[in-house]
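Structure at a glance
Now for the letters of each chain:
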Amino acid sequence: MNNNSPAMSASLEDPDPLGSEVPEEPPSTSAAPACSVLFPARPARRFSLPLRIPISNRTRQFINDFYPHITQAEWSNWHWQIRNSICTLDQIQRMLPLSEDEHEAIARRSTGLPFRVTPYYASLIDPSDPLQAIRRSVIPVTGEYLVSPGEAEDPLGEDNQSPVPGLVHRYPDRALFLTTGFCSTNCRYCTRSRMVGDRHKFRSGIKQWQQAIAYIESTPQIRDVLISGGDPLTLPDSQLEFLLSSIRRIPHVEVIRIGTKVPAVLPQRITTRLVRMLKKYHPLWINIHFTHPDELTPETQAACTQLADAGIPLGSQTVLLKGLNDRVETLKSLYHGLIKVRVRPYYLYQCDPILGSAHFRTTVAKGLEMIEGLRGHTSGYAVPHYVIDAPGGGGKIPLLPDYFQCRQPDGIVLRNYENRLFRYPDCECGNPL
Ligand code: SF4
């Protein structure tokens, strides 16, 4: 905890205690132009300086094709990435030959989860393959408009477990702090699509945050606060520091966690300044949302390395998605790549039944098959917990393949990863149970 931080000195009575930081402006949600012709012509500075976050060859080619006049500094600036996010049919179809279905889905979209992709993440999309995992995760298809039985706008019942706006208190000792409804890139299967990007529904800001902080302060059993959203790492440093310092000074809060997809979709956000600020609020953990091994670019690996070097324990969470990552080899490749950059696979989520999610959802048997194919076949560190977040607000329920076979008088029979049976003498003080 650092009581001398600028954010800590901001008065809570000030109607805008965070508004003074000019360089870290809040993200723009306007549909900014993404086409190179809209940038003023100027001599392009070539990409020669050593970069904190590198630029991969694939992305370099994308920049040359669609943003030939921007500078290295612009591309590597997270504000530029957000301001120039691709949000319209016109913008995306200049970059990708859309399938008929994708075209119709984007053209039809008027409400609900907006379409938004950072230029960086767009550079990872395969223009020739509408079934590519990264493409499917962010480019809408008409399946989004088909509502199936059991689907709901708020399947986890979060709104019913909010004692104050923007805070979910489901488990006794943990609280989920929903800080913003904004994401730099919108995942089409988002559990919080009811609030992400739709500013009419989810309003956040200093007054709402103060209410949530006051609730945590007055609830001593809360020892763990998860800052999420939307994506909290899209907040300016000053606002993030205000939140972190306010929560850190509450004596009964032991651990603060941040849930984010930023290192995968906007690695440029992991600035030296951000990392320096974050490390003041240890113990701080970060859980990063990853979908597919294609996301493990040099850029993302550098972002994760910087966070890990700051002593921040990193975990991952992945939603199991039909046709995107529901193969053991795909997940194994993702998890091995994550371990190499010190991100521990933490959760594999069964996809939540949000409205229009049937085209993304696998069977539960498929999820169990993934765990069966990982457990024993790779190091335990590379095997996440497979969980279903129970509809209606029951919390996360872990699922495992049936390794327990039966109980016998002299112990229990277990099945190992090779399907061989073993007896364990499950006895109390040497006596059969
Ligand atoms: S990053 Fe998370 S909150 Fe944002 S759109 Fe994706 S799943 Fe939703």
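See above for the structure.
Let me begin by describing the structure that accompanies this report. (Residues numbered from 1 in each chain as written. Predicted model: local features only at pLDDT ≥ 70, side-chain atom pairs only at ≥ 80, totals over all residues.)

Assigned secondary structure in the protein consists of 15 helices and 14 strands. Looking at the 433 residues of the protein, the share that counts as buried comes to 40%. (Helix = DSSP H or I, 4+ residues; strand = E, 2+ residues; numbered from the N terminus. Buried ≥ 20, exposed ≤ 12 C-beta atoms within 10 Å, placed from the backbone.)

Okay, the sheet that holds strand β12 (residues 421–424) next. As a general point, the strands of a sheet are linked pairwise by backbone hydrogen bonds and lie either parallel or antiparallel. If you trace the 3 strands from one edge of the open sheet to the other, you get β10-β11-β12, paired in antiparallel fashion. Two strands in the sheet have a free side with no partner beyond their single neighbour: β10 (404–408) and β12. Each adjacent strand pair in this sheet contributes to an overall mean axis angle of 20°, direction not counted. As defined by bridge partners, strand β11 (residues 411–415) adjoins β12 across 4 bridges and the pair is classed as antiparallel. Within β12, the position partnered with R415 by the bridge is L421. (Pairing = 2+ DSSP bridges. Axes fitted to C-alpha atoms, helices over the stretch in contact; angles between N-to-C directions.)

Moving on: the sheet that holds strand β3 (residues 224–228). On the basis of which strands lie adjacent, the open sheet formed by 9 strands has the order β1-β2-β3-β4-β5-β6-β7-β8-β9 and mixed pairing. Whereas interior strands pair on both sides, the edge strands pair on one side only; in this sheet they are β1 (167–168) and β9 (395–398). Across 7 bridges, the pairing between strand β6 (residues 314–320) and strand β7 (residues 343–350) is parallel. Its bridge partner being in β7, T318 is matched across the sheet by L348. Its contacts with the sheet put helix α15 (residues 364–374) on β6, β7 and β8 (385–390), and the angle it makes with β7 is roughly 155°. (Contact = placed C-beta atoms within 7 Å.)

Turning our eyes to something else, we now look at the nonpolar core. Counting 85 residues, the largest nonpolar core has F177, I216, V225 and I247 as the members making the most contacts within it. It is helix α10 (residues 237–248) that contributes the most residues to this core, 5 residues altogether. Dropping the residues within four chain positions of it, I247 is found in contact with I213, I216, V225, V253 and I256. F62, I63, Y67 and I70 belong to the second-largest nonpolar core, a separate cluster that totals 6 residues. (Core = buried A, V, L, I, M, F, W, Y, C linked by C-beta atoms within 7 Å.)

Judged from the 3 bridges that link them, β7 and β8 form a sheet pairing that is parallel. The residue bridging Y349 from the neighbouring strand is V387, located in β8. With α15 bridging β7 and its parallel neighbour β8, the resulting β-α-β unit is right-handed. Here 4 bridges tie β8 to β9, and the two strands are oriented antiparallel to one another. (Right-handed = clockwise from strand over helix to strand, strands pointing away.)

All right, on to the site of the ligand then. Inspection of the region around the ligand gives C183, N186, C187, C190, R192, V196, G229, G230, D231, K261 and H289 as its neighbouring residues. Looking at the shell around the ligand, its residues break down into 4 nonpolar, 4 polar and 3 charged. (Near = placed C-beta within 6 Å. Nonpolar A, V, L, I, M, F, W, Y, C, P; charged D, E, K, R; others polar.)

Turning our eyes to something else, we now look at α10. With 12 residues, α10 should reach 16 Å at 1.5 Å per residue; the first-to-last C-alpha distance of 16 Å fits that figure. Taking burial as the measure, the 12 residues of α10 include 12 buried ones, the bulk of the element. By the burial criterion, the buried members of α10 are D237, S238, Q239, L240, E241, F242, L243, L244, S245, S246, I247 and R248. (Expected span 1.5 Å × (residues − 1).)

It is worth spelling out the packing of helix α14 (residues 328–340) against α15 at this point. Across the interface, α14 lies against α15 with an axial gap of 9 Å and an inter-helix angle of 60°. Judged by the inter-axis angle, α14 sits oblique to α15. In this structure, the crossing between α14 and α15 has a hand that is right-handed. Contact with α14, carried on its side by V328, L331 and K332, involves M370, G373 and L374 of α15 and no other residues of that element. Its residues placed into classes, the contact of α14 with α15 shows 4 nonpolar, 1 polar and 1 charged. (Parallel < 35°, antiparallel > 145°, perpendicular 65-115°, else oblique. Left-handed = near helix turned anticlockwise from the far one by under 90°.)

A separate point is unusual backbone geometry. Residue G230 follows G229 across a cis peptide bond; omega there is 20°. For G230, the location among the structural elements is in the loop between β3 and α10. Looking along the chain, the bond that leaves H282 and enters P283 is cis, with omega of -5°. Notably, R342 is not glycine yet its phi reads approximately 65°, a positive angle.

Along the chain, T180 falls in the loop between β2 (174–178) and α9 (206–217). Given 26 C-beta atoms within a 10 Å radius, T180 is considered buried. Sequence-wise, T180 and I227 are 47 residues apart; in three dimensions their C-alpha atoms are separated by 9.6 Å. Ignoring any residue separated from it by four or fewer positions in sequence, one finds T180 in contact with S204, G229, G230, P232, T234 and L235.

Our next topic: the pairing of strand β4 (residues 255–260). Extensive coverage of β4 is indicated by the burial of 5 of its 6 residues. In this sheet, β4 lies alongside β3 in parallel orientation, the contact comprising 4 bridges. Within the sheet, the bridge partner assigned to I227 lies in β4 and is I258. This β-α-β element, β3 to α10 to β4, shows right-handed connectivity. Pairing analysis gives 5 bridges linking β4 to strand β5 (residues 284–289), with the strands arranged parallel. Bridge pairing in β5 places R257 opposite W285.

Since the α-helix advances by 3.6 residues per turn, residues separated by three or four positions end up pointing in the same direction. With 13 residues, α14 extends 18 Å from end C-alpha to end C-alpha; this agrees with the ideal 18 Å at 1.5 Å per step. Listing the buried residues of α14 in full gives L331, L334, Y335 and L338. Here the buried residues of α14 occupy an arc of 95° about the axis, which is enough to place them on one side. For α14, the exposed residues set more than 90 degrees away from the buried face come down to E329 and K340. The inward-facing, buried residues of α14 contact β6, β7 and α15. Just downstream of α14 lies R342, where phi reads positive at about 65°. (Arc of directions from axis to C-beta.)

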